[in-house]
Amino acid sequence: MDIILYSAIGSNSSERVEWALNYKSLPYKRIEVSSHELSTSYLKINPFGYVPTISINGILISESMAIIECLEEHHPKNTLFGQTWAERAAIREVCEYVNSSIHAPQNRTVLKAFRPELTENEKRELRGSWIVQCLAKLSPKLWNTSNFAIGSSFSTADIFVASIYKKSCQHGAVRLEDYDKYLNWLSGQKQISASEPKI
Ligand SMILES: N[C@@H](CCC(=O)N[C@@H](CS)C(=O)NCC(=O)O)C(=O)O
């Protein structure tokens, strides 16, 4: 399988896909898309101008969750979708919270459209505090069976949750004790930490 990943440094959604590819030990070529390209030549690849997009044998797929589902279908080894139907449903539920309810409203393009008056610093602050307040609401859904977000193995839910929490920290938001403990524990898991993109 010939895999090309269109990505951008600092992109939270791209980090999810990169982590999944690494965890599944799938070789890929990474193409860095500049912010100029996002709104020009890259629109041919993704009409929304968002990274990531992946090309699998020349077929383009965007949206990180759709990409990871597709990777899982082709390479079920080192599954990222739990062991039972109930775990799979819970994993998808958490990913949807992160992708749609937490990440989407604080996206750069969305803030530019809805809050054009804010300075870059104000946007950073808003993004960080939005993520943190949402993660505080999400925590009752997490870590109920083990130290993993859902069930008792590493999953797409861990990838989405850990990546978005790290993003809020990068924005300088207040730290959440349970999420800090969780990140710390995850970083002690060899295969997981070895596959985590170092951005
Ligand atoms: N739901 C999409 C979100 C993609 C997305 O928002 N990507 C961001 C980077 S994390 C982006 O390309 N932003 C560019 C912009 O907003 O101009 C996914 O999961 O792939």
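Residues numbered from 1 in each chain as written. Predicted model: local features only at pLDDT ≥ 70, side-chain atom pairs only at ≥ 80, totals over all residues.

Explain the site of the ligand to me, please; I cannot follow it from the model alone.
Surveying the vicinity of the ligand reveals 15 residues, the closest of which are Ser13, Tyr50, Ser64, Arg108 and Thr109. Mapped by element, the contributors of at least two residues to the shell around the ligand are helix H1 (12-23), helix H3 (64-74) and helix H5 (108-114). Across the shell around the ligand, the residue classes tally to five nonpolar, eight polar and two charged. Mapping the shell around the ligand onto the domain boundaries places at least three of its residues in each of domain 1 (3-74) and domain 2 (85-195). (Near = placed C-beta within 6 Å. Helix = DSSP H or I, 4+ residues; strand = E, 2+ residues; numbered from the N terminus. Nonpolar A, V, L, I, M, F, W, Y, C, P; charged D, E, K, R; others polar. Domains from an automatic or database assignment.)

Help me understand H1 in this model?
Spacing of three or four residues puts side chains on the same side of an α-helix, whose turn is 3.6 residues. The terminal C-alpha atoms of H1 lie 17 Å apart, and with 12 residues this matches the ideal 16 Å at 1.5 Å per residue to within 8%. Among the 12 residues that make up H1, 11 are buried, leaving the element largely enclosed by the rest of the structure. All buried positions along H1 are accounted for by Asn12, Ser13, Ser14, Glu15, Arg16, Val17, Glu18, Trp19, Ala20, Leu21 and Tyr23. Tucked inside the fold, the buried residues of H1 contact strand E1 (3-7), strand E3 (53-56), H3, helix H4 (85-103), helix H7 (156-170) and helix H9 (190-195). (Expected span 1.5 Å × (residues − 1). Buried ≥ 20, exposed ≤ 12 C-beta atoms within 10 Å, placed from the backbone. Contact = placed C-beta atoms within 7 Å.)

Looking at this structure, how should I read the nonpolar core?
In globular proteins that are soluble, nonpolar side chains generally tend to be buried together. If you look at the biggest cluster of nonpolar residues, it comprises 44 residues, and the most contacted ones within it are Ala20, Val94, Val98, Ala157, Phe160 and Val161. Those elements that provide at least two residues to this core are E1, H1, H3, H4, helix H6 (120-138), H7 and helix H8 (177-187). Of the residues that make up this core, three or more belong to each of domain 1 (3-74) and domain 2 (85-195). Once you skip the residues sitting within four places of it in the chain, Ala157 turns out to touch Ile91, Val94, Cys95, Ala149 and Ile150. (Core = buried A, V, L, I, M, F, W, Y, C linked by C-beta atoms within 7 Å.)

Help me out: how do you make sense of the sheet that holds strand E2 (residues 29-32) in this one?
As summarised here, the arrangement of the four strands in space is E2-E1-E3-E4, forming an open sheet in which the pairing is mixed. Two strands lie at the open edges of the sheet, namely E2 and strand E4 (59-62), each paired on one side alone. The sheet shows a mean angle of 20 degrees between the axes of neighbouring strands, direction not considered. Relative to E4, E3 runs antiparallel, the two being bridged by four bridges. Among the inter-strand pairings, Thr53 is bridged to a residue of E4, identified as Ser62. Contacting E1 and E3, H1 crosses the sheet at an angle of about 150 degrees to E1. (Pairing = 2+ DSSP bridges. Axes fitted to C-alpha atoms, helices over the stretch in contact; angles between N-to-C directions.)

What exactly am I supposed to notice about the UniProt feature "domain: GST N-terminal" (unreviewed entry) in the protein chain here?
This chain's UniProt record puts "domain: GST N-terminal" (unreviewed entry) on residues 1-79. In the segment residues 1-79, helix accounts for 34% and strand for 22%; the C-alpha atoms at its two ends are 18 Å apart. (UniProt positions renumbered as here; feature names shortened; annotations may be inferred.)

Can you walk me through the domain arrangement of the protein chain in this structure?
Put simply, an interface is often sized by how much accessible area is lost when its parts join up. Assigned domains of the protein chain: these are domain 1 (3-74) and domain 2 (85-195). The centre of domain 1, based on its C-alpha atoms, is set 19 Å off from the matching centre of domain 2. Those elements that place two or more of their residues in the side of domain 1 that touches domain 2 are H1 and H3.

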